[in-house]
Amino acid sequence: MKRMLSGVKPSGRLTLGNYIGAIRHFVSYQEDYELFIFIANMHAITVQNDPQELKKNTRDLIALYMACGLDPEKTTLFLQSDLPQHTELGWILTCHSYMGELQRMTQYKDKCAKQETGITAGLFTYPALMAADILMYDADYVPVGVDQKQHVELARNLAERFNHRYGDTFIVPEPVVAEVGAKIMSLQNPTKKMSKSENNPKGTIDLLDEPSVARKKIMSAITDSLGIIQYDPENQPGLANLLTILSSLTNESIDSIVKRYQGKGYGDLKKEVGQAVYDFLSELQVKYQAIIASGKIDEIIQNGNEKAGKIAYKKVAKVKRKLGLSIQKR
Ligand code: ATP
Ligand code: LTN
C-alpha cells in the first residue's frame, strides 16, 4: 500500500477552505492508502500565538479531523510537537536548503508583502520543516491545496539532493492537488484565498460557525454585475467560488449546476449554496461535539504518536548515520 501524509496548522479556527481543499480528500484516501495525518503545531508558532488559544485550536483540529470522517483505526493521527525528530530533521534539512530556494517560496513572499514587521526566521525556514514532516515517513503522496504545492516541490528537491549526496535515504514524494476546490476564495474578496489566520470573519466560513451565520455570509458574498451564471473564475471569481463550494459539498459537477441555473439569478444560487453549507456544518458540528464529549482525544493522539514515533526514530537515526553525526560503531 502506498503511503500518504499531510497536515494542517492549528493557526486559527478551521475554515471551509481547509475542508474542501484538504481534509475531505484525506478522508477519501484513507481506504486506499496508508494515511498519516498530523497537527502541524510547530508550524503554527512561526507567528505569535496565545498559548491557551493554540491549545484550544489544536484540540479542535483533532476533533474536527475526526468529525470530518478521519477514523483513527485506519489513519495515524499524531501531534508534531510530541515527536522531537521533526525539528531535528527540520534543522538538518534547513542546512541543505539554499537561501534563494526559500526566498522563492510564494507563501513567504506574500507574507512579507503583507506584514512588513515581525516576520520570524521560522516563517522563512518553515518549508524545510515541512519537508522533514514529509520525508520522515517516506510518503509517496502529499495531498494539499494549491498554495502548498510549491513546498512539496521543495521537499522533492531536498530528497533528491540528500539522496544524491549521501545515498538513498528518502522517498521522493509527489504532491496531489485536487481539480475542484484546490483554492476556495474569500467571500468578500474572491481574488484572495479564504484563510484561517486572516482576520476577515465575513469572508471566511469557520467550520465551527453557527450554521445560520454561515448561511448569511454566503448570502452576502461578493459576486459581480454580469448577471449570467457560468463558470469563469477569471472574470467572475465570486460566482466561480460559490459554484465550487456547492459542487464540493454536494458532489454535483459544476457543469451540471451551471445548466440547472440557466435563466436564474445569483440570489437563487446563493440560497442553495447557503443551505448546503448550513446542512454540512450542522451535521459536522453534532459529530464534533460528540467527539469533544467522549474525552478520547488524548488517547487517540497517544496511539498515533507511538506509531509515527517508531518510524521517525528510525529515520532520524539513519539520517544521522549518513551524515556522520553518529559516531558509535555499529
Ligand atoms: P493560514 O491562514 O494560517 O496560512 P490556512 O487556512 O491557509 O492557514 P493551512 O494550515 O496553511 O491553512 O492549510 C491546511 C491545508 O488546507 C493545506 O493543504 C492548504 O493547501 C489547504 N487550504 C487552506 N486554505 C485553503 C483554501 N482557501 N482553499 C483550498 N485549500 C486550502
Ligand atoms: N505547511 C502546511 C502544513 C503542513 C504540511 C506538512 C502539509 C506542515 N507540514 C506536511 C503537508 C505535509 C500549511 O501551512 N498548510
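Before going into details, it helps to say that this report is about the structure given with it.

Parameters at a glance
Residues numbered from 1 in each chain as written. Chains lettered and ligands numbered in written order. Predicted model: local features only at pLDDT ≥ 70, side-chain atom pairs only at ≥ 80, totals over all residues. Heavy atoms only, no water. 1 Å grid on protein atoms, 1.4 Å probe; cavity = no way out; pocket = protein on both sides within 12 Å on 5 of 7 lines; lining within 4 Å. Points joined across faces, edges and corners; volume = space filled by probe spheres on them. Nonpolar A, V, L, I, M, F, W, Y, C, P; charged D, E, K, R; others polar. Helix = DSSP H or I, 4+ residues; strand = E, 2+ residues; numbered from the N terminus. Expected span 1.5 Å × (residues − 1). Bend = angle between axes of the 7 residues up to and from the residue. Buried < 20%, exposed > 50% of the residue type's maximum accessible area, 1.4 Å probe, protein only. Phe/Tyr/Trp six-rings, centres within 6.5 Å; stacked < 30°, edge-to-face > 60°. Lys NZ or Arg CZ within 6 Å of the ring centre and 35° of its normal. Near = heavy atom within 4 Å. Polar contact = N/O pair within 3.5 Å; in protein donor to acceptor, adjacent residues only side chain to side chain. Areas by Shrake-Rupley, 256 points an atom, 1.4 Å probe, with all protein chains shown as cover. Axes fitted to C-alpha atoms, helices over the stretch in contact; angles between N-to-C directions. Parallel < 35°, antiparallel > 145°, perpendicular 65-115°, else oblique. Left-handed = near helix turned anticlockwise from the far one by under 90°. Contact = heavy atoms within 4.5 Å.

1. Overview of empty space enclosed by the protein
Link 1 in the chain: Under the counting rule described, the total for this entry stands at three cavities of 30 Å³ or more.
Link 2 in the chain: In this structure, the largest cavity spans a volume of roughly 60 Å³.
Link 3 in the chain: What lines the largest cavity is Pro 10, Gly 12, Arg 13, Leu 14, Asn 57, Asp 60, Leu 61, Leu 64 and Leu 208.
Link 4 in the chain: Residues that form the lining of the largest cavity fall into these classes: five nonpolar, two polar and two charged.

2. Comments concerning helix α13 (residues 297-323)
Link 1 in the chain: Given a rise of 1.5 Å per residue, 27 residues ought to cover 39 Å, and the 37 Å separating the end C-alpha atoms of α13 matches this to within 8%.
Link 2 in the chain: The sharpest bend along α13 reaches about 25° and sits at Gly 309.
Link 3 in the chain: Within the sequence span of α13, burial applies to Ile 297, Ile 300, Ile 301, Gly 304, Asn 305, Ala 308, Gly 309, Ala 312, Lys 315, Val 316 and Val 319.
Link 4 in the chain: Looking one or two residues beyond α13, the residue adopting positive phi is Gly 324, at roughly 80°.

3. Digging into the packing of aromatic side chains
Link 1 in the chain: Inspection of the entire model under this criterion finds nine aromatic pairs.
Link 2 in the chain: Ring centres of Tyr 29 and Tyr 33 lie 5.7 Å apart, and the angle between their planes is 90°; this geometry places the pair in the edge-to-face category.
Link 3 in the chain: Exposure remark for Tyr 29: the relative accessible area of 18% places this residue in the buried category.
Link 4 in the chain: Counting every residue linked through ring pairs, the aromatic cluster contains Phe 36, Phe 38, Phe 78 and Tyr 137.
Link 5 in the chain: Sitting over the ring of Tyr 278, Arg 215 keeps its end group 4.2 Å from the ring centre.
Link 6 in the chain: Above the face of the Tyr 261 ring, Lys 264 is positioned so that its terminal group lies 5.2 Å from the ring centre.

4. So, the site of ligand 1
Link 1 in the chain: Within the structure, ligand 1 sits among 21 residues, and Ser 11, Asp 147, Lys 193, Ser 195 and Ser 197 are positioned closest to it.
Link 2 in the chain: Between ligand 1 and the protein, one listed contact pairs a nitrogen atom with a backbone N or O atom of Gly 17 at 3.3 Å.
Link 3 in the chain: For ligand 1, an oxygen atom lies 3.1 Å from a polar atom in the side chain of Asn 18.
Link 4 in the chain: For ligand 1, whose accessible area on its own is 600 Å², the fraction buried by protein is 97%.
Link 5 in the chain: Sorting elements by how many residues they give to the shell around ligand 1 places helix α1 (residues 16-29) first, with four residues.
Link 6 in the chain: In the shell around ligand 1, the residues fall into six nonpolar, nine polar and six charged.

5. Comments concerning the packing of helix α7 (residues 121-135) against helix α8 (residues 149-166)
A pair of packed helices is characterised by two quantities: the angle between their axes and the separation of those axes.
Link 1 in the chain: One way to put it is that α7 packs onto α8 with a least axis distance of 9 Å and a crossing angle of 70°. If you check the angle between α7 and α8, you find them roughly perpendicular. Once α7 is placed against α8, the crossing between them reads as right-handed. Contacts between α7 and α8 involve Tyr 126, Pro 127, Ala 128, Met 130, Ala 131, Ile 134 and Leu 135 on the former and, on the latter, His 151, Val 152, Leu 154, Ala 155, Leu 158 and Ala 159.
Link 2 in the chain: Taken together, the residues of the contact of α7 with α8 break down into twelve nonpolar, one polar and no charged.

6. Topic: the site of ligand 2
Link 1 in the chain: By nearness alone, 14 residues border ligand 2, and Lys 9, Tyr 126, Met 130, Asp 133 and Gln 148 come closest of all.
Link 2 in the chain: Note that a nitrogen atom of ligand 2 is positioned 3.5 Å from one of the side-chain N or O atoms of Tyr 126.
Link 3 in the chain: A distance of 2.7 Å is found between a nitrogen atom of ligand 2 and a side-chain nitrogen or oxygen belonging to Asp 133.
Link 4 in the chain: Expressed as a share of its isolated accessible area of 360 Å², the protein-covered part of ligand 2 is 93%.
Link 5 in the chain: Listed by contribution, the elements that provide at least two residues to the shell around ligand 2 are β1 (3-8) and α7.
Link 6 in the chain: The element contributing the most residues to the shell around ligand 2 is α7, with four residues.
Link 7 in the chain: Taken together, the residues of the shell around ligand 2 sort by class into eight nonpolar, four polar and two charged.

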